[in-house]
Amino acid sequence: MTSQIIYEGNLRTVATHLQSGTVIETDAPTDNQGKGERFSPTDLVATALGNCMLTIMGIKARDMQIDLEGTQVDITKNMVANPRRIGEIKVVINFPKSLETDEKQRAIIERAAMTCPVFESLHPDLKKDVEFKWS
């Protein structure tokens, strides 16, 4: 078992990662009867995409002896109706100005990001707009 989720009422859940004990709380978003005081479940899906891309880039960069520390990923999630679902996730990956890479290294890192397991798991109808900003 990976995690355990408990419904606390008022559209809030608490998920515990069983191996580490890490806890994540969620709320329904304000546009869907919730308080919006925590990540929503769909926020976590969009955020998982950015986390996964950054992790896979980090693995590939480490293999090339490149340190991506300080790289920032900005996520924007857009919902659509009928059925209510995530319609688009915008991902902007901002690399630190101090990062020194050549074109080949950049291409390898970008390609790695686009093959992360979350990216590959999302439905093809979900638009994924990814921008790499090499300062």
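Summary of the structure given here. Treat the numbers as computed from the prediction; the structure is a model and nothing was measured.

**Considering the sheet that holds strand β1 (residues 3-9)**
Turning to step 1, where the next piece is worked out: Spatially, β1-β2-β3 is the arrangement adopted by the three strands of the open sheet, whose pairing is antiparallel. Among the strands making up the open sheet, the edge pair consists of β1 and β3 (23-27). Geometrically, the sheet is characterised by an average inter-axis angle of 20° between neighbouring strands, direction not taken into account.
Turning to step 2, where the next piece is worked out: Relative to β3, strand β2 (residues 12-17) is paired through five bridges, and the arrangement is antiparallel. Residue pairing in the sheet places Arg 12 in a bridge with Asp 27 of β3.

**A word on unusual backbone geometry**
Turning to step 1, where the next piece is worked out: In this structure, Pro 83 follows Asn 82 across a cis peptide bond, with omega equal to 0°.
Turning to step 2, where the next piece is worked out: Counting through the fold element by element, Pro 83 comes out in the loop between β4 (72-80) and β5 (85-95).
Turning to step 3, where the next piece is worked out: The backbone of Leu 11 shows a phi angle near 65°, a positive value even though the residue is not glycine.
Turning to step 4, where the next piece is worked out: With respect to the helices, strands and loops of the structure, Leu 11 is situated in the loop between β1 and β2.
Turning to step 5, where the next piece is worked out: In the Ramachandran plot, Asn 82 falls in the positive-phi region, its phi being about 55° despite a non-glycine side chain.
Turning to step 6, where the next piece is worked out: Structurally, Asn 82 can be placed in the loop between β4 and β5.
Turning to step 7, where the next piece is worked out: Exposure remark for Asn 82: the relative accessible area of 76% places this residue in the exposed category.

**Here's the deal with the sheet that holds strand β6 (residues 127-134)**
Turning to step 1, where the next piece is worked out: In space, the three strands of this open sheet follow the order β4-β5-β6, with mixed pairing throughout. Two strands lie at the open edges of the sheet, namely β4 and β6, each paired on one side alone. On average, each strand axis in the sheet is tilted by 10° relative to the strand beside it, whichever way the strands run.
Turning to step 2, where the next piece is worked out: Strands β5 and β6 of the sheet are contacted by helix α2 (residues 103-113), whose axis makes an angle of about 155° with β6.

**Overview of helix α1 (residues 41-63)**
Turning to step 1, where the next piece is worked out: Compared with an ideal rise of 1.5 Å per residue, which puts 23 residues at 33 Å, α1 spans 33 Å between its outermost C-alpha atoms and is within 8% of the ideal.
Turning to step 2, where the next piece is worked out: Burial in α1 covers these residues: Ala 46, Leu 49, Gly 50, Cys 52, Met 53, Met 57 and Ala 61.
Turning to step 3, where the next piece is worked out: In this fold, the buried residues of α1 make contact with β4, β5, α2, α3 (117-121) and β6.
Turning to step 4, where the next piece is worked out: Gln 65 occupies a position one or two residues after α1 and carries a positive phi of about 60°.

**Things to note about the packing of α1 against α2**
Turning to step 1, where the next piece is worked out: The N-to-C vectors of α1 and α2 enclose an angle of 140°; their axes lie 8 Å apart at closest approach. In terms of their interaxial angle, α1 and α2 are classed as oblique. Note that α1 runs across α2; the crossing there is right-handed. On α2, the residues that touch Met 53, Ile 56, Met 57, Lys 60 and Ala 61 of α1 are Ile 108, Ile 109, Ala 112 and Ala 113.

**Digging into the pairing of β2**
Turning to step 1, where the next piece is worked out: Two elements, β1 and β2, share six bridges in a ladder whose sense is antiparallel. The residue bridging Ile 5 from the neighbouring strand is Ala 15, located in β2.
Turning to step 2, where the next piece is worked out: Hairpin geometry of β1 and β2 is characterised by an intervening segment of two residues between the two adjacent antiparallel strands and by a positive phi of about 55° at Asn 10.
Turning to step 3, where the next piece is worked out: Taking the residues that link successive antiparallel strands as the turn, the β2-β3 hairpin has five residues, and the phi of Gly 21 there is positive, at about 85°.

Parameters and conventions
Throughout, residues of each chain are indexed from 1 in the direction in which the sequence is written. Residues qualify for local features only when their pLDDT is at least 70, as the model is predicted, and side-chain atom pairs are given and counted only at 80 or more; totals for whole chains, interfaces and linings, by contrast, use all residues. To obtain the side-chain values, all non-hydrogen atoms of the structure were used and water was disregarded. Any two strands with at least two DSSP-identified bridges between them are counted as paired. Secondary structure elements are taken from DSSP: a helix is a run of H or I of four residues or more, a strand is a run of E of two residues or more, and numbering for both begins at the N terminus. Structural elements are reduced to axes, namely lines fitted to C-alpha atoms, with helices fitted over the stretch in contact, and the angle between N-to-C directions of any two is expressed from 0 to 180 degrees. Here's how the labels work: a residue is buried when its accessible area is under 20% of the maximum for its type, exposed when over 50%, partly exposed in between, all with a 1.4 Å probe on protein chains only. Two residues form a contact once any of their heavy atoms are found within 4.5 Å. In a helix, the anticipated span is given by 1.5 Å times the number of residues less one. Throughout this description, any angle smaller than 35 degrees is read as roughly parallel, any larger than 145 degrees as roughly antiparallel, any in the 65 to 115 degree range as roughly perpendicular, and the remainder as oblique. Handedness of a crossing follows from how the near helix is turned relative to the far one, being left-handed for an anticlockwise turn of less than a right angle and right-handed for a clockwise one.

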